[in-house]
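Chain by chain, the residues run as shown.
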Amino acid sequence: MLKKDSTLQRSGSIFTKDFGSALRLIGRSFFSIQFVGAVLFVMMLCTASVFAQNGTIRGEVKEAETGEALIGANVILQGTSKGASTDIDGRYVIRNVSPEEYTLIFRYLGFESKDVQITVEAGQTLTQNMEMSATTVQGEEIQITAQQRGQARALSEQRKSVNIKNVISSEQIESFADNTVTDALSRISGMGHGGTNIRGVGAGSANVTMDGQRMGATGGNRSVDLSTISSDMVQDLEVIKVITPDMDADALAGVININTRRPVGGERDLNIRLGGGLQDRYVRHMGTNRRASISYGDSPSDTYSFGLNFSYQRDPSANEVLRTEWGGQKSFEGYGPMDRLANLGTELNFSVPQRIGTGLQFTFQPSEVSTYHVQGMFNVQNRTRYQYALSYNPRLENYIENPFYTGFPDGGGGPDAENQGTMSYSPRMDEATIHQYTVQAGGRHRLDNMDIEYKLGWGHGRFNDDQYRMSFETRSRQEFIFDLEDRWNPSVEIAPWSRNPSYPEPSQMVFQDMDHRINSNVDNDFEASIDFEVPHRWGEFKFGSSSSLTYKRGIGERLLREYSSNLDVSKFQQIENGSWQIFNRAGSTYQIPWLIDLEKARDFYITQTPRFQTDLEEWALSTETSDYFANENTYAAYVMGNFEVEWFTVLGGLRVEHTFNKYEGRESEISQSGIFRGASDISNSNSYTNFFPNLQTVFSLGDLTNVRFAYSRSIGRPSFSQLNPYIQRNYSTRTIQRGNPDLDPMLSNNFDILFEHYFMNVGQFTVGLFYKDMKDFVFSSTEIVDYTGDNEEGLTGRWTVDGFKNGEEAKVYGAEISWQQKLEFLPGRLGNLATYSNYSYAQSIADVGRQEEQSTHGLAEFKELLGMKVDPEYKYVTPLEGQRPHVINAGLEYSEGDFFAQVSYQWAANALSSYAGEQTAIALPQPEEVYLDQYNDAAQDLSLTVRYWINSSFQIWFDASNILNNKEFNYYYDADYYPYTTELDGREITLGLRYRL
């Protein structure tokens, strides 16, 4: 007999336990890293005499007109492969320079190139500063706006990078009507609709960092919810699509790095932004949105600088939903082919998130050689979500004239033929809190013969959610008449032959139960690293090591409770404006007549808890499969080299990672009579080592034009909920649910080609192709297992087993095109126009264990046409979940003097959103068995932004988003026959004031 215990009792000290263990392990790990670093440091000292025979060039690059430091400016020694880029303070250093005369060239997007003659002497350090002015066209100087200056920094960083990445500045982000980091990311090519699905690979497969520090996951998988972070906190966003050996390989989709606001170029900076707005259709129920932020940065002296930022957002949103479910007629033999409406429901949802974020950066530079930093980010979002749902639930075996009505109008068919359907009312309130913290400290020493950099950091993510789901149902049963001529816009009436043919009163909606669900996930990530970079004649040589320690805890409880006395909707207070017409359509089908006060309903439940009875079996079914603890420790070492001639750069290297895992879950049983027998702890551990080769090249076709080729290998580890070693055997249903701690990680070989051209007036045009060949893709599986003879489970007969498996392969491929440019070549005021546009194409094929032919988008057929051998099972594949094959961002902006306006449009093609676990028999459009995969139809958005500087310090800004307010559609298998949901979101407008020092 398994032993019973309480999940909540076990969870109390988990954070303290994890934190203490982590500190001990990180201490040992960091000590080993320091030891390795010390040995390597001694080895490098042996070469110091070689560098002593050469010289060093240092300096600062600033804008001539303002004195502001230029970040990311290129400084090149003509005729050599040596050069450098300026850092955040506009400083640069070029080391190991042979003694002789040179021409030193300075380049920066939007500014005239400069060159100067210098003489380098042996063993000496030459200081060469430079001031640069805005570029000119036909003798007229171009005005570099704040937005262009910020994007110049971003594009300069992107251009000088040895790997492929996109960078978008805060100034560019502010030109869009984007409230959160997720919104801002959706403007970048390859990011998909929603902003976290890099090149069609799921959000949980991206490594998300804040100022270079890994962030803790905020759910049961590995994803980080970036919709909780205000875009006001961002200095710039980096989407790294090809990693390098000095980066964590756990980046199957890529890396998203968020740099928070900080002092730039040593200048004092103060920004204050205030605003408010509303969604006109829903403002009565959820109130207005509010937005406030302040950032301050300063460098009081040459030795230190600091930055502070604070952000607050109240960002309510709402949507309306029409939902249809489809089924087959029930008989003694089971359910027939799916051909009729099983459920018709309407929903009103609105949520009110409130976000508070703050950041701190402190940099200390006691000399030109050494720099130390401490930085941290603390972000909290509290969100309350309200949902009101009304459903019509016909009894499937009661259909007569398929698919128009149920029941028997003439009263025939026996006593069970009438009044079998119901109406249900399901109000719900969720209270969720997400905490996200990162802290990092480190130092960098730019010696004459090498760079040494070390970091120690902590990332924390915590998600807590209380869900209060109430259920009401009609006291008497009904029959229904459906009009399904338009399956996307059906209607329903209560049939006059029902025993109660009228629409139910609140007192007729009887309370069924309170479904209280409690979810909690805590993730702590500790990291330590040390890196050495040694310049040589043709470039740099870099090596280092790192440790990453992850502690993840997941807890979930479901308390299904019935009340000891009679309750109905009339006993609960209604909110003001307590009814709603979905889509503003008349008729009872689209009406939600009761909007009860959910906060008071929650308070009633809490105060009356002793009078509620808990279903222990339902508690066990969900709770014992959700409780887990995971510890993943990854230790890495790498070596890489960067070799450069005047027109060609190559980077190559190798990274080695060893991962040790330990997982703890729960093993539980439900008896044949449906009684919870108990549960006990279960654990599993394993380890593995992976090698990650990397090769990237850059061919320079001119000062502003490059062609890049890249090969990299990356890894994507399964989610923690999949690795949870839980087992639950339910003898009453003969089902087994289990996790799989022995899942292999996904490995991907990645190939990229990119053509890029940059415009001196701050712009770019790029065309890229990519291909990912992923092995051991993870998917959910449902299979029937016949247990015979002796087996580890000790079971007999046929059981349904739900779990997770590795697939054979998944391939992702696509193309990206982006164009950003000020259209100065147009005549007159049309020259004030500029464009920010991109197009992303992504397609995939994945083996998820299906044995029926699916589309391979022509790849299998193309191989066969070329005479290549194709495995027959290669055709049994399907696209990846969540991948939209086409995404278009098109923005047109106009700026003149202190005025700026932009119209931006986004369109995304339909996508497969969720796999079906097994095949279902359908009747339409023809009888067959299919996988009822769920799809999202195409989506689009139109937004407008206007900015106007009243004077040098004050700006008025206006945002309007979701102007089109089109409905969004989701469906099963075939949109013409099996619609699922129709959703409508509201328009939002915001007006505000900004102050800049």
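The coordinates are above.
Sequence positions are assigned chain by chain, starting from 1 and proceeding in written order. The model is predicted, so local features are restricted to residues of pLDDT at least 70 and side-chain atom pairs to those at 80 or more, both for listing and for counting; the totals for chains, interfaces and linings are taken over all residues. In computing side-chain properties, one takes all heavy atoms of the structure into account and sets aside hydrogens as well as water.

*Asks:* Could you clarify how one ought to interpret the overall build of the protein in this entry?
*Replies:* Where helices and strands are cited, they refer to DSSP runs of H or I of at least four residues and of E of at least two residues respectively, numbered from the N terminus. A count of helices and strands for the protein gives 11 helices and 56 strands. Exposure categories follow from relative accessible area, calculated using a 1.4 Å probe and restricted to protein chains: below 20% of the type maximum is buried, above 50% is exposed, and the middle band is partly exposed. Within the span of the protein, comprising 997 residues, buried residues form 56% of the whole. Contacts are assigned to residue pairs that have any heavy atoms within 4.5 Å of one another. Contacts in the protein between residues at least 24 apart in sequence constitute 73% of all its contacts with a sequence separation of at least 6. Carbon and sulfur atoms provide 52% of the accessible area of the protein, an area that totals close to 40,900 Å². Using the Shrake-Rupley algorithm and a 1.4 Å probe, accessible areas are obtained, with residue cover drawn only from the displayed protein chains.

*Asks:* Got a minute to help me understand the sheet that holds strand β15 (residues 254-260) in this structure?
*Replies:* Strand pairing within a sheet occurs via backbone hydrogen bonds; the two strands may be parallel or antiparallel. As summarised here, the arrangement of the 5 strands in space is β11-β14-β15-β12-β13, forming an open sheet in which the pairing is mixed. Pairing within the sheet leaves two strands with one partner each, and these edge strands are β11 (165-169) and β13 (213-214). Criterion used throughout: strands pair if DSSP finds at least two bridges between them. Where β11 meets strand β14 (residues 234-240), 5 bridges bridge the pair, whose relative direction is antiparallel. For K165, the partnering residue across the bridge sits in β14 and is I240.

*Asks:* What is the right way to look at a nonpolar patch on the surface in this model?
*Replies:* Like-charged residues are merged into a patch within 9 Å and nonpolar side chains (Val, Leu, Ile, Met, Phe, Trp, Tyr) within 5 Å, provided each residue has over 30% relative accessible area and no salt bridge. Any carboxyl oxygen of Asp or Glu within 4 Å of a side-chain nitrogen of Lys or Arg constitutes a salt bridge here. A cluster of nonpolar side chains, namely F899, Y948, I950, F954, I956, L991 and L993, defines an oily patch on the protein surface of about 610 Å² accessible area. By secondary structure assignment, the location of F954 is in strand β53 (residues 954-961). You can call F954 partly exposed: its relative accessible area is 34%.

*Asks:* I'm lost on the packing of aromatic side chains in this one. Help?
*Replies:* Note on aromatic pairs: each is described by the distance of the centres and the angle between the planes. Aromatic pairs are defined between Phe, Tyr and Trp rings, using the six-membered ring for Trp, whenever the two ring centres lie within 6.5 Å; interplanar angles under 30 degrees are classed as stacked, those over 60 as edge-to-face, and all others as tilted. By the definition in use, this model includes 38 aromatic pairs. Aromatic ring contacts, followed pair by pair, group Y425, Y468, F472, F511, Y563, F572, W594, F604, Y605 and F612 into a single cluster. We count a charge as sitting over a ring when the NZ of a lysine or the CZ of an arginine lies within 6 Å of the ring centre and within 35 degrees of the ring normal. One Lys or Arg, K967, reaches over the ring of F583 and ends 4.4 Å from the middle of that ring. Seen from the ring of W949, R996 lies directly overhead, with NZ or CZ sitting 4.0 Å from the centre.

*Asks:* Explanation requested: the pairing of strand β18 (residues 304-314) in the structure shown.
*Replies:* Put simply, side chains in a regular strand alternate between the two faces of the sheet. By the bridge criterion, 10 bridges tie strand β17 (residues 289-301) to β18 in an arrangement that is antiparallel. Within the sheet, the bridge partner assigned to S293 lies in β18 and is S311. Hairpin connection, β17 to β18: the antiparallel pair is bridged by 2 residues.

*Asks:* Would you mind going over the nonpolar core with me for this structure?
*Replies:* Across soluble globular proteins, you tend to see nonpolar side chains buried next to one another. Buried Ala, Val, Leu, Ile, Met, Phe, Trp, Tyr and Cys residues form a nonpolar core when they are joined through side-chain atoms within 4.5 Å. Counting residues in hydrophobic clusters, the biggest one holds 52 residues, and the most contacted among them are Y388, Y425, M470, F472, F511 and I596. Among the elements that take part in this core, strand β20 (residues 334-364) stands out by supplying 6 residues, more than any other. Apart from residues no more than four positions distant in its own chain, Y425 is found in contact with Y388, A389, L390, M470, S471, F472, M509, V569, I592, W594, L595 and I596.

*Asks:* Can you walk me through a negative patch on the surface in this structure?
*Replies:* Charge counting treats Lys and Arg as positive and Asp and Glu as negative, with His and both chain ends excluded. The atom standing in for a charge is NZ when the residue is Lys, CZ when it is Arg, CG when it is Asp and CD when it is Glu. Taken together, the side chains of D483, E485, D486 and E493 make up a negatively charged region of the molecular surface. One can find E485 in the loop between β27 (480-483) and β28 (491-494). E485 gets classed as exposed once you look at its relative accessible area, which sits at 76%.

*Asks:* Help me understand the pattern of salt bridges in this model?
*Replies:* Opposite charge on two side chains permits them to pair, given that their charged atoms come into close proximity. This model, assessed by the stated rule, comprises 56 salt bridges. Between R428 and D430 there is a salt bridge, and its shortest N-O distance comes to 2.9 Å. The burial state of R428 is the same as that of D430; both residues are buried. For E624, the salt bridge goes to R666, with nearest N and O atoms at 2.9 Å. Within this pair, whereas E624 is found in helix α9 (residues 616-626), its partner R666 is found in strand β35 (residues 648-670), the two being separated by 42 residues in sequence. Salt bridges linked by common partners bring R214, D248, D250, E527, R655, E657 and R717 together as one network.

*Asks:* Would you mind going over the sheet that holds strand β5 (residues 100-108) with me for this structure?
*Replies:* The strand order across the open sheet formed by 4 strands is β3-β2-β5-β6, and the pairing between neighbours is antiparallel. Each edge of the open sheet is held by one strand with a lone partner, namely β3 (83-85) and β6 (111-120). On average, adjacent strands in this sheet sit at an angle of 15 degrees to one another, irrespective of strand direction. Relative to β3, strand β2 (residues 74-77) runs antiparallel, the two sharing 3 bridges. Helix axes are fitted to C-alpha atoms over the stretch in contact, other axes to C-alpha atoms as well, and angles between N-to-C directions run from 0 to 180 degrees.

*Asks:* Explain the pairing of strand β54 (residues 968-972) here, please?
*Replies:* In terms of strand pairing, strand β51 (residues 934-936) meets β54 through 3 bridges, oriented antiparallel. In the sheet register, N936 faces β54, and the bridge partner there is N970. Linking β54 to strand β55 (residues 979-985), which pair antiparallel, is a turn of 6 residues; within it Y973 sits at a positive phi near 55 degrees.

*Asks:* I'm lost on empty space enclosed by the protein in this one. Help?
*Replies:* Using protein atoms alone on a 1 Å grid, points that fit a 1.4 Å probe yet trap it form a cavity, whereas open point sets bounded by protein on both sides within 12 Å along at least five of seven lines form a pocket; residues with an atom within 4 Å of a point count as lining. Grid points are joined across faces, edges and corners, and a volume is the space filled by probe spheres set on the points. Under the definition given, this model contains 10 cavities of 30 Å³ or more. Of the volumes computed, that of the largest cavity is approximately 140 Å³. Along the wall of the largest cavity there are 19 residues; nearest its centre are I164, N166, L754, T766 and E816. Looking at the lining of the largest cavity element by element, the count peaks at 4 residues for strand β41 (residues 763-775). Only Asp, Glu, Lys and Arg are considered charged in this grouping, and only Ala, Val, Leu, Ile, Met, Phe, Trp, Tyr, Cys and Pro are considered nonpolar; every other residue, Gly among them, is considered polar. Looking at the lining of the largest cavity residue by residue, the class counts come to 5 nonpolar, 8 polar and 6 charged.

*Asks:* Is there a simple way to explain helix α8 (residues 598-607) in this structure?
*Replies:* In an α-helix, one turn spans 3.6 residues; hence positions three or four apart end up facing the same way. Turning to α8, its buried residues number three or more, namely L598, A601, R602 and Y605. Axial view of α8: buried residues confined to an arc of 100 degrees, hence all on one face. N or O atoms closer than or at 3.5 Å make up a polar contact, with two conditions inside protein: a donor-capable atom paired with an acceptor-capable one, and, for residues adjacent in sequence, both atoms drawn from side chains. The opening residue of α8, the one whose side-chain oxygen lies 3.2 Å from the backbone nitrogen of E599, is D597. Note: the arc covers the axis-to-C-beta directions of the helix.

*Asks:* Explain α9 to me, please; I cannot follow it from the model alone.
*Replies:* The set of residues buried in α9 consists of E617, W619, A620, T623, E624 and T625. Of the residues flanking the start of α9, the one acting as N-cap is D615, its side-chain oxygen 3.1 Å from the backbone nitrogen of E617.

*Asks:* Looking at this model, I keep getting lost on unusual backbone geometry. Mind explaining?
*Replies:* For residues that are not glycine, phi is negative in most cases, and the peptide bond is trans in most cases. For the bond from L924 to P925, the omega torsion is 0 degrees, close enough to zero to count as cis. If you trace the backbone, P925 turns up in the loop between β49 (919-922) and β50 (928-931). Even without being glycine, V762 reaches a positive phi, approximately 75 degrees. Residue placement: V762 occurs in the loop between β40 (746-759) and β41. For V762, a relative accessible area of 6% translates into the label buried. One non-glycine residue, Y973, lies in positive phi territory at about 55 degrees. With respect to the helices and strands, Y973 occurs in the loop between β54 and β55.

This is a description of form; function is not addressed.
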